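Spelled out from the first residue to the last, the chains are:
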Amino acid sequence: MSSKEPRWTQTWLGGIRSAGVDLGYPGERLGLPEEGSGSIAGWGRRIAALVIDWMICTWAIVQLLLRMNPAEQPWAPAVVFALQYLILVGFMGQTFGHRLAGIRVAAMDGGNPRWLPVLVRTVLLCLVVPALIWDRDHRGVHDRVSNTMVVRM
């Protein structure tokens with residue numbers, strides 16, 4: 001084995017990039033910039049937006065506004081989350097968490113997504129598992145099915 005070739009454990013453990021295969025940056029295949037406005041949002045921003053939205057739904061709306069205990073009615077935060085997500089992304093292309101994290105949901109043409117794709121995306125996002133399976137452009141199953149992407153503002 002040549003000293004210039006990676007060891008088999010490096011390619012297996014480190015993924016395809018460690019084998020010398022260049023897949024490009026996330027969003028390159030979609031014609032998006034690598035950095036700045038319009039580029040694919042990273043996982044840190046997406047998770048931060050999700051946590052902010054979940055806290056707003058659970059604490060501010062379910063507990064304070066509706067006076068419900070999420071421990072006794074665990075479905076309430078999920079329903080509120082789905083409703084706020086559907087309404088806000090449908091009208092503005094982003095939730096409060098997205099706005100604070102500096103990201104938005106966009107259709108593949110760069111504009112705001114239509115209502116049906118937002119509905120499909122919301123249902124799949126609430127199922128959780130589709131959001132955990134993603135491609136090299138950081139698009140989860142919920143993004144791919146609804147033909148959307150999450151980009152930086």
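Reading the values: the criteria
- Residues numbered from 1 in each chain as written.
- Predicted model: local features only at pLDDT ≥ 70, side-chain atom pairs only at ≥ 80, totals over all residues.
- Heavy atoms only, no water.
- Phe/Tyr/Trp six-rings, centres within 6.5 Å; stacked < 30°, edge-to-face > 60°.
- Helix = DSSP H or I, 4+ residues; strand = E, 2+ residues; numbered from the N terminus.
- Buried < 20%, exposed > 50% of the residue type's maximum accessible area, 1.4 Å probe, protein only.
- Axes fitted to C-alpha atoms, helices over the stretch in contact; angles between N-to-C directions.
- Parallel < 35°, antiparallel > 145°, perpendicular 65-115°, else oblique.
- Left-handed = near helix turned anticlockwise from the far one by under 90°.
- Contact = heavy atoms within 4.5 Å.
- Nonpolar A, V, L, I, M, F, W, Y, C, P; charged D, E, K, R; others polar.
- Expected span 1.5 Å × (residues − 1).
- Bend = angle between axes of the 7 residues up to and from the residue.
- Polar contact = N/O pair within 3.5 Å; in protein donor to acceptor, adjacent residues only side chain to side chain.

Break down the packing of aromatic side chains for me, citing the residues and quoting the values.
Applying the stated criterion across every chain yields a total of four aromatic pairs. Measuring from centroid to centroid gives 4.8 Å for Trp43 and Trp134, while their planes differ by 50°, and the two rings are tilted. Of this pair, Trp43 sits in helix α2 (residues 43–65) while Trp134 sits in the loop between α6 (129–132) and α7 (141–146), and the two are 91 residues apart along the sequence. Judged by its relative accessible area of 47%, Trp134 falls in the partly exposed class. Connected via pairs of aromatic rings, a cluster forms that spans Trp54, Phe81 and Tyr85.

Quick one: what's the story with the packing of helix α3 (residues 75–92) against helix α5 (residues 115–126), residue by residue and with numbers?
Their axes nearest at 9 Å, the elements α3 and α5 cross at an angle of 150°. In terms of orientation, α3 and α5 fall into the roughly antiparallel class. In terms of crossing hand, the pair formed by α3 and α5 is right-handed. Across the interface between the two elements, Phe81, Ala82, Tyr85, Leu86, Ile87, Val89, Gly90 and Phe91 from α3 touch Trp115, Val118, Leu119, Arg121, Thr122, Leu125 and Cys126 from α5. Its residues assigned to classes, the contact of α3 with α5 comprises twelve nonpolar, two polar and one charged.

Any chance you could break down α2 for me, citing the residues and the numbers?
Between its terminal C-alpha atoms α2 stretches 30 Å, which fits the 33 Å expected from 23 residues at 1.5 Å a residue. The largest bend along α2 measures about 25° and falls at Ile56. When we look at burial in α2, the residues that qualify are Arg46, Ala49, Asp53, Cys57, Thr58 and Val62. In this structure, the buried residues of α2 make contact with α3, α4 (96–101), β1 (103–107), α5, α7 and β2 (148–152).

I'd like to hear about the environment of Ser146, residue by residue, with values.
Mapping Ser146 onto the fold places it in helix α7. We classify Ser146 as buried; its relative accessible area is 6%. In the structure, Ser146 is positioned 32 residues away from Arg114 in sequence and 9.4 Å away in space, judged by C-alpha atoms. Apart from residues no more than four positions distant in its own chain, Ser146 is found in contact with Pro117 and Arg121. At a separation of 2.9 Å, a polar atom in the side chain of Ser146 contacts the side chain of Thr148.

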